[in-house]
Each structure stands twice: as structure tokens, then as C-alpha cells.
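# An overview of the molecular structure
Each chain is listed here by its residues.
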Amino acid sequence: MTKQAVVVPVPPEAAVPAPQLFPYPPPRAAGVRRKQCLQMSGAGAPGRVGGWVESMRASSPTHARAAAALADDDGRRAAWMHPSALGKFEQVVAASKGKQIVVFLDYDGTLSPIVDDPDAAYMSDTMRRAVRSVAKHFPTAIVSGRCRDKVFEFVKLAELYYAGSHGMDIKGPAKAYRHTKAAKAKGVLFQPASQFLPMIEQVHESLVEKTKDIPGAKVENNKFCVSVHFRRVDEKSWSALADMVKSVLKDYPKLKLTQGRMVFEVRPTIKWDKGKALEFLLESLGFADCADVLPFYIGDDRTDEDAFKVLRKRGNGVGILVSKHPKDTSASYSLQEPAEVMEFLLRLVEWERLSKARPKW
């Protein structure tokens, strides 16, 4: 088992005021949110495959039926779409007075565009410069379903925290932060699912073998989870692919299956997700249960909802969903695409610079 080194912060001595409550717009009234976690129990029940295929269609923004529904959504967008984090920028940052902002960022679909080949999800140099600038002013973490090492290869910034495998592989920055509280958390390393590594490797090998005859299917080993991408798989083969994944997992009751954007995720059944990773990192930074911190979390996937829910439960924080279309979400604001994410980050940096330049009266 990998040795875990966890930084335990010293709790603040002084009492802090109650956190400011952010308004969270209600979810869309029409429609019922799909279960995000598709458990493997009863996998052979009648109609289950049909439900899987419908869920796969729903995760495909380019599917004809989904496109028609989204076109209809556009006419109603203004009525209930979460407000733009750019359009409401002053409102977003207003609550940060006297608080330390901490920035959490998903990778795919947030810092890089969603692409057919997951190995080609490169981050632009301009986005990298924007993230580097953010990290100069605020503690910053990348929280991704990808393997931590793979995310680092894409981002290439040593001054960040990296939480890979949906937060099950967390490591502190290689470079020391200038931020007072962040500096003591530099050496943090946390891997709560280490005992699952042999099992994950077995499942990865089995899925590679099982799916090799389905054109376009790609199985990715993300260390503490396995991703089965079907973005390039013909829709006629979706049902067969779902059957194959389920047939492998029936022998692994300690693993569960969830679904993201055109991808199946095989993960340990431990109670750990991106929301837990956010809480762990805040604790490592010395901000557990503090009102003098304002976490920002920006993400586009279903798995990011766990982090949005944590911010909502805390009562202070800014959850920002990246999406061009209205979605049920626990986030409070939205951005449409990575280009808007970059613009928001640059505005945040400029706002911080101007704030420090203002005279203190």
C-alpha cells in the first residue's frame, strides 16, 4: 500500500462569523434528473440496457434527439439559465472581501475543450498562462477524473495541487506557495483508495480485452478508476458496449459504475468524490469550517456536482458550471465554454491586482 502523508492543520483559535449565504437558483422544473450513479446490483433486470442507452444518448450533446431538445431549450434559456459568472462578475467577487479565495478547476471541458480522442485534450498556452497567473494570487487545484500524472502532463504547472481519479489521488504543489496558509500544505499526499489498485488493474485489462472489437471504444486507466470512452463508438454498438462493461463488473462488487460526458467510469465504492477532495484540500490549507475563505469551483461534468453540493452545504462558495445549455445543477453561476473560463480567470487576477493597488483608508 502507498504510504499516505496527510497534513493536519491547526484549527483557528478565534471564533469566526457565520458564513455568507449564496443564492442558489432552483433547478429546472421540467424533467427529472437522471441517477448519476448506476449501481451494478440487478444489472440483468429487464429494460436496464434500454435505460443505459437512453442515458448514453443524454450524455451526447451532438445526438440528434438531444440537439432538438437543446434547440427548444434555447428559447427558454433566459427564464431559468443560471446567471453568467462574467455578466455577474462584480457580484461573484463582492463576497470575497476579507476572505482568501481558493480556486478549484476541472480539466476536460473546463480548461481544455472536449475532444474525440481523450489523449489529445491539450491545454492551450494562453489557458496555461491564465492558470499560472491565478496560482500566483490564490491557492489553486486541478480536480479531475483523469490520472493525476496524466493531468500534470497536460497542465505542466508545478505550483498547483492535483487531485486525480476523481479526487482519490491528491498531491500538493512541487513549488512552494507564497500564500501563508498554503505553504504548510506543500507536502500533502492522500490516496484513500490505494487498496483498490490491483483490482482496478485487473478490471482495466479485462475491459481492454472485452471491448477490443468495438470500433471507437477506448479504455483508459486512470490509476484509481477506469474510464471507458464511447464518444467515437457508433450508437448501434452502445448497447453491446454497456453489456460488456457490466459483464466485467459483476465479479467486482467493491466497484461501482458511474457515467459522465460520453464515458463510463469504474470507481471504488468508497465514499470519496470531488466534493470530498475539495473538503480535504480546504482542510489541508487550514480553512476547514472557516468563514474567512471563499472557494471557487469551476467544472462541466456530472462528477463536478459533488463539489457544487459541498459548496451549497457550506453556505459560502462559488460553484460555476461550464455549459452552453441549461442543466440541472447545484452550481450558482455558469460559463459557456473554456474560452469564457479563461476570460473569467484573467478578470479574477486583474480584480485582485487592482484590489491590492487601492489605498487602504
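Please refer to the structure placed before this passage.
Report follows, based on the coordinates. (Residues numbered from 1 in each chain as written. Predicted model: local features only at pLDDT ≥ 70, side-chain atom pairs only at ≥ 80, totals over all residues. Heavy atoms only, no water.)

To continue, consider the pattern of salt bridges. In the structure shown here, the tally under the stated rule is 17 salt bridges. One salt bridge in this structure joins K274 and D304, with 2.9 Å as the shortest N-O distance. Pair noted here: K274 is in helix α10 (residues 274–284) and D304 is in the loop between β11 (293–299) and α11 (305–314), with a separation of 30 residues, a long-range link. The class of D304 is buried, set by a relative accessible area of 0%. Residue E337 is joined to K324 by a salt bridge in which the shortest nitrogen-to-oxygen separation is 3.5 Å. Taken together, the residues E337 in the loop between β13 (333–335) and α12 (338–357) and K324 in the loop between β12 (318–322) and β13 connect sequence positions 13 residues apart. E337 gets classed as partly exposed once you look at its relative accessible area, which sits at 30%. Counted as one network, the salt bridges with shared partners bring together D108, R146, K150 and E220. (Salt bridge = Lys/Arg side-chain N within 4 Å of Asp/Glu carboxyl O. Helix = DSSP H or I, 4+ residues; strand = E, 2+ residues; numbered from the N terminus. Buried < 20%, exposed > 50% of the residue type's maximum accessible area, 1.4 Å probe, protein only.)

Before going further, it helps to examine the side chain of N222. Tracing the backbone shows N222 in the loop between β7 (218–221) and β8 (226–229). Polar contacts involving the side chain of N222 include one to the main-chain amide nitrogen of C147, which spans 2.9 Å. With sequence-adjacent residues up to four places away left out, N222 is seen in contact with G145, R146, C147, K150, S165 and S227. (Polar contact = N/O pair within 3.5 Å; in protein donor to acceptor, adjacent residues only side chain to side chain. Contact = heavy atoms within 4.5 Å.)

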